[in-house]
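Descriptive analysis of the structure
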There are 2 protein chains.
Amino acid sequence: MAHLGTGIEYALHCLLWIAQPLPKPPSSRELAALQGAPAPFVAKIFGKLEKAGLVDASAGIRGGYRLARAPEDITVLDVVDAVEGRKNLFDCQNVRSRCALYEGQPPDWSAGSVCGIHAVMIRAEQAMRDELGRATLGTLAAGLARKAPPEFDAQARRWLAARSGTRDDARVAALKQRKRFP
Amino acid sequence: MAHLGTGIEYALHCLLWIAQPLPKPPSSRELAALQGAPAPFVAKIFGKLEKAGLVDASAGIRGGYRLARAPEDITVLDVVDAVEGRKNLFDCQNVRSRCALYEGQPPDWSAGSVCGIHAVMIRAEQAMRDELGRATLGTLAAGLARKAPPEFDAQARRWLAARSGTRDDARVAALKQRKRFP
């Protein structure tokens, strides 16, 4: 198993759909369907993204998700931390303090500084986080735009509009139904 | 929970003890006792380190572990991979291929290249691995030697010699006992 789960991949793909201007914010269910992802999993992910302040949810029949910041201001690291929680590469358990030679009293030269092993782990974690922080939804979207044919975005917008039209019709019908049989 | 477990910390601390010249290779049980670590856990770790070719085990009453290479040739990354197994930062599930717009047939422009998200993860993983690969048992030992008082290594050698003397006496006694009552 990898260090980071599939949730990150779903989150980033779904966020890329809403990184483009859309006439109406899609629901997490619509994004899941567009991305071919399990709807409850995507709903849970969007709950976390909202909590982390990366997306805003609007309520109501026409409600859905929008990015809370510009795509250039949302890094891959933001998404990783939002979905997986801020996770250290390594939690130093201060194993060195248990050395039998210290007889329960680690000397100052050992206890008073960062363990050399921990220092290496901190540097490695920082290098990874720096790299994840360099990529944003903006840079990912630009990369995608360089590869995809020009009509791809419009195609996605039409797909979402058709899907959300169906959703709205169904919801309006359900509301009318409820009024008729209260 | 961190991405890397406590096994790494125990492994590195124990390996640092055998990175110095010792009159006799200590057993994993002796290293565990010196490091104040659970003996079965350290035994399991040393099994992995041996399998990865980082330590050599010699058998017999005077048997124990030695580094299989110079401390400068064993990186923290070698130890991490040996103890945790080579683990990717991210396993790309190729989520993009499930996009509803492709209708089951991802186009060449999408399928024929590395996903932009995966590319970011590969760069981040590489940055982390580069940093872990830069530190060796040699650099860690040198860092420790700069902090520890000059007599520290000799103290550890005396501790191990006393411990392994006790072990040898016990084993020889057990062997004699066995010969007496076969």
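Every chain is numbered on its own, with residues counted from 1 as its sequence reads. Following the order in which they are written, the chains are lettered starting with A and the ligands numbered starting with 1. Only residues with pLDDT of at least 70 are given local features in this predicted model, and only at 80 or more are side-chain atom pairs given and counted; all residues enter the totals for whole chains, interfaces and linings.

1. Let's talk about the overall build of chain A
Numbered from the N terminus, helices here are DSSP runs of H or I no shorter than four residues, and strands are runs of E no shorter than two. The helix and strand tally for chain A stands at eight helices and two strands. Across chain A, helices and strands are ordered from the amino to the carboxyl terminus as α-α-α-β-β-α-α-α-α-α. Taken along its principal axes, the extent of the C-alpha atoms in chain A is 80 × 50 × 30 Å. Counting all 182 residues of chain A, 36% fall into the buried class. Looking at chain A alone, contacts between residues at least 24 apart form 73% of all its contacts between residues at least 6 apart. In this scheme every C-beta is placed from the backbone, and a residue whose C-beta has 20 or more other C-beta atoms within 10 Å is buried, one with 12 or fewer is exposed, and one in between is partly exposed. For the purpose of contact definition, each residue receives a C-beta atom placed from its backbone, and two residues are in contact when these atoms lie within 7 Å.

2. Structural notes on helix H4 (residues 76–84) of chain B
For H4(B), the buried fraction is high: seven of the nine residues fall into the buried class. Packing partners of the buried residues in H4(B) comprise helix H6 (116–134) of chain A together with helix H1 (6–18), helix H3 (39–51) and helix H6 (116–134) of chain B. After H4(B) finishes, the residue B:Gly85 shows a positive phi value of roughly 85°.

3. Notes on the relation of the copies chain A and chain B
When the copies are superposed, the least-squares fit draws on C-alpha atoms of residues that have pLDDT of at least 70 in both. Its rotation angle being 180°, the transformation that places chain A on chain B also includes 0.0 Å of axial translation and leaves an RMSD of 0.0 Å. Seen this way, the second copy is the image of the first under a two-fold rotation axis. Interface overlap between copies: 100% of the residues of chain A at the interface are likewise at the interface in chain B, consistent with a symmetric, same-surface contact.

4. A word on unusual backbone geometry
In this structure, A:Glu103 takes a positive phi of about 50° despite not being glycine. Looking at where A:Glu103 falls in the secondary structure, it is placed in the loop between helix H4 (76–84) and helix H5 (108–111).

5. Regarding the packing of H1(B) against helix H7 (residues 137–147) of chain B
All names here are of chain B. The convention used is that axes are lines fitted to C-alpha atoms, helices contributing only their stretch in contact, and that angles between N-to-C directions extend from 0 to 180 degrees. With their axes 10 Å apart at the nearest point, H1 and H7 run at an angle of 75° to one another. In terms of their interaxial angle, H1 and H7 are classed as roughly perpendicular. In this structure, H1 contributes Leu12, Leu15 and Leu16 to the contact, and H7 contributes Leu137, Leu140, Ala141 and Leu144. Here the nonpolar group is Ala, Val, Leu, Ile, Met, Phe, Trp, Tyr, Cys and Pro; Asp, Glu, Lys and Arg are the charged ones; every other residue, Gly included, is treated as polar. The class makeup of the residues in the contact of H1 with H7 is seven nonpolar, no polar and no charged. Note on terminology: angles under 35 degrees are roughly parallel, angles over 145 are roughly antiparallel, angles of 65 to 115 are roughly perpendicular, and the others are oblique.

6. A closer look at the interface of chain A and chain B
Contact with chain A, which involves 50 residues of that partner, is made by 50 residues of chain B. When contributions to the side of chain A that touches chain B are tallied by element, the ones reaching two or more residues are helix H1 (6–18), helix H2 (28–35), H6, helix H7 (137–147) and helix H8 (152–180) of chain A. For the side of chain A that touches chain B, the leading source of residues is H6(A), giving ten residues. Considering only residue class, the side of chain A that touches chain B consists of 30 nonpolar, eleven polar and nine charged.

7. Quick word on the confidence of the model for chain A
Caution applies to low-pLDDT regions: their predicted coordinates should not be interpreted in detail. Summary of the metric used: pLDDT quantifies the predictor's per-residue confidence within the range 0 to 100. Averaged over all residues, the pLDDT of chain A is 88; the fraction at 70 or higher stands at 94%. Quick note on the complex model: pTM equals 0.85, ipTM equals 0.86.

8. Examining the environment of A:Gly165
Residue and element names in this part refer to chain A. Mapped onto the fold, glycine 165 is located in helix H8. Overall, the presence of 11 C-beta atoms within 10 Å leaves glycine 165 in the exposed class. Along the sequence, glycine 165 and arginine 62 sit 103 residues apart, while their C-alpha atoms lie 9.7 Å from each other.

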